[in-house]
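Next come the chains, spelled out residue by residue.
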Amino acid sequence: MAGREGRPTIYDVARLARVSIATVSHVLNRPERVGAATRERVLAVIDDLQFVPKEVAVSRARRGTGRIGVLAPFTSYPSYLQRLAGILENRSGRTEVVVFDHDSVAADPHPLLASLPASGRLDGLIIMGVPLDRELAERQAKHGLPTVLVDSEYEGFSSVSVSDDHGGLVVGRHLAELGHRHIAFLAEDQVSNDYLSPGQRRWRAVERAFGEAGVPESAIRRVVCGPDFAGAREALHEILALDPRPTAVFAHHDELAAGVVTAARQLGLRVPEDLAVIGYDGGVLADALQLTTVVQPLRESGVVGRRLLMARLDGDTTTQQIMLEPRLSRGVTT
């Protein structure tokens, strides 16, 4: 039964979903505590009723402050902190930013992303580096939550990305010009093959660059590792055991490149004479180690993402896909 003002209540949701009020609350605020089947059943009812928690609506009406959520794998990838700095740059005092951390781009973001639109806690959302699937995209649209994607793309959503194709091409051409004919591409595994990940785009672009130089695609070997420094150090042993042994490693991000460089030197290998290494992202770590890396305009992508979202909040319904270009920064590791 609806409340006095005709709006669906949490009691309606609980009754139709055949769960307790506490379970509905967990689905909206702590979705990881609820089993997948129950969570989906509750969310389906919330979608059908277009339920918005009353306390959220009242609080926002009194506050008059726009609340923007930013979801990204912050603790796993330092590059997203640079993007966040761009989002926070010169923001209005009437805009509140709420940060949601997601462990890894290779992990399933579904529980949190599925619940955020239904929670009613946000006026807008920026999703960084976490891909949407059809179900998530439809829920974002159904609840009318203005959403902008940074470092990923989906039809119907405004987005800002840095060209992985261009980044892979400059890496491939650089290594080919240096005479490398056998390289390893180092990245963490991908859970879903429903989308083309940044790593896959970079890998394919390197293959294209090598093809331009007359080098076969088989010259590039993909090696899977953990998402951090330790994972890259362990993976170097697998790389060195490949036949023929690669003379260069292209790492998906700078922390992986740093792990390779450290492990190589511990094994007595000279970098770059025995093994060249290229990272990706740019920043303090790359500068400290003088890595050759692909520098992404990370802060700029955050600035542009916030601008796109603020335009949506101001009523602009235009969908824009903005593509920025990275650049190669030559260090001492190639």
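Below: a short report on this structure. The structure displayed is predicted, hence computed values, not measured ones.

Digging into the side chain of S163
Okay, step 1: If you trace the backbone, S163 turns up in the loop between β5 (158–162) and α8 (164–177).
Okay, step 2: One polar contact links the side chain of S163 to the main-chain amide nitrogen of H166, over a distance of 3.0 Å.

What about the pattern of salt bridges?
Okay, step 1: Applying the stated criterion across every chain, the model contains eight salt bridges.
Okay, step 2: A salt bridge links R299 to E89, with the shortest nitrogen-to-oxygen separation between them at 2.7 Å. Here E89 lies in the loop between α5 (79–88) and β2 (95–101) and R299 lies in helix α13 (residues 298–313), a separation of 210 residues in the sequence.
Okay, step 3: R299 sits in the partly exposed class, given a relative accessible area of 44%.
Okay, step 4: Overall, the relative accessible area of 27% leaves E89 in the partly exposed class.
Okay, step 5: For the salt bridge of D274 with R270, the shortest nitrogen-to-oxygen distance reads 3.1 Å.

As for the sheet that holds strand β9 (residues 276–281)
Okay, step 1: One open sheet holds the six strands; their spatial order is β7-β6-β8-β9-β10-β12, and the pairing between them is mixed. Of all strands in the sheet, those with a lone pairing partner are β7 (220–224) and β12 (327–329), marking the two edges. Each strand of the sheet is rotated relative to its neighbour by a mean of 20°, with strand direction disregarded.
Okay, step 2: Across four bridges, the pairing between β9 and strand β10 (residues 292–295) is parallel. Paired with Y280 across the strands is V294, a residue of β10.
Okay, step 3: Taken strand by strand, helix α9 (residues 198–212) contacts β6 (183–187), β7, β8 (248–251) and β9, and its axis lies near 160° from that of β7.
Okay, step 4: Helix-sheet contacts for helix α11 (residues 254–266) involve β6, β8, β9 and β10, and the interaxial angle to β9 is about 160°.

A look at helix α1 (residues 10–17)
Okay, step 1: Among the residues of α1, D12, V13, A14 and A17 are the ones counted as buried.
Okay, step 2: In this structure, the buried side of α1 is in contact with α2 (21–29) and α3 (36–49).
Okay, step 3: Positive backbone phi, approximately 60°, marks R18, located one or two places after α1.

Concerning unusual backbone geometry
Okay, step 1: Omega for the peptide link from D243 to P244 comes to -5°, which places this bond in the cis form.
Okay, step 2: Examined against the element boundaries, P244 turns out to sit in the loop between α10 (229–240) and β8.
Okay, step 3: In this chain, V271 is followed by P272 through a cis amide linkage whose omega measures 15°.
Okay, step 4: For R18, which is not glycine, the phi dihedral falls at a positive 60°.

Observations regarding the environment of P8
Okay, step 1: With respect to the element layout, P8 can be found in the segment before α1.
Okay, step 2: The spacing of P8 and F51 is 43 residues in sequence and 5.7 Å in space, taken between C-alpha atoms.
Okay, step 3: Discounting residues that sit within four places of it in the chain, P8 has contacts with L49 and F51.

The rules behind these values
- Residues numbered from 1 in each chain as written.
- Predicted model: local features only at pLDDT ≥ 70, side-chain atom pairs only at ≥ 80, totals over all residues.
- Heavy atoms only, no water.
- Helix = DSSP H or I, 4+ residues; strand = E, 2+ residues; numbered from the N terminus.
- Polar contact = N/O pair within 3.5 Å; in protein donor to acceptor, adjacent residues only side chain to side chain.
- Salt bridge = Lys/Arg side-chain N within 4 Å of Asp/Glu carboxyl O.
- Buried < 20%, exposed > 50% of the residue type's maximum accessible area, 1.4 Å probe, protein only.
- Pairing = 2+ DSSP bridges.
- Axes fitted to C-alpha atoms, helices over the stretch in contact; angles between N-to-C directions.
- Contact = heavy atoms within 4.5 Å.

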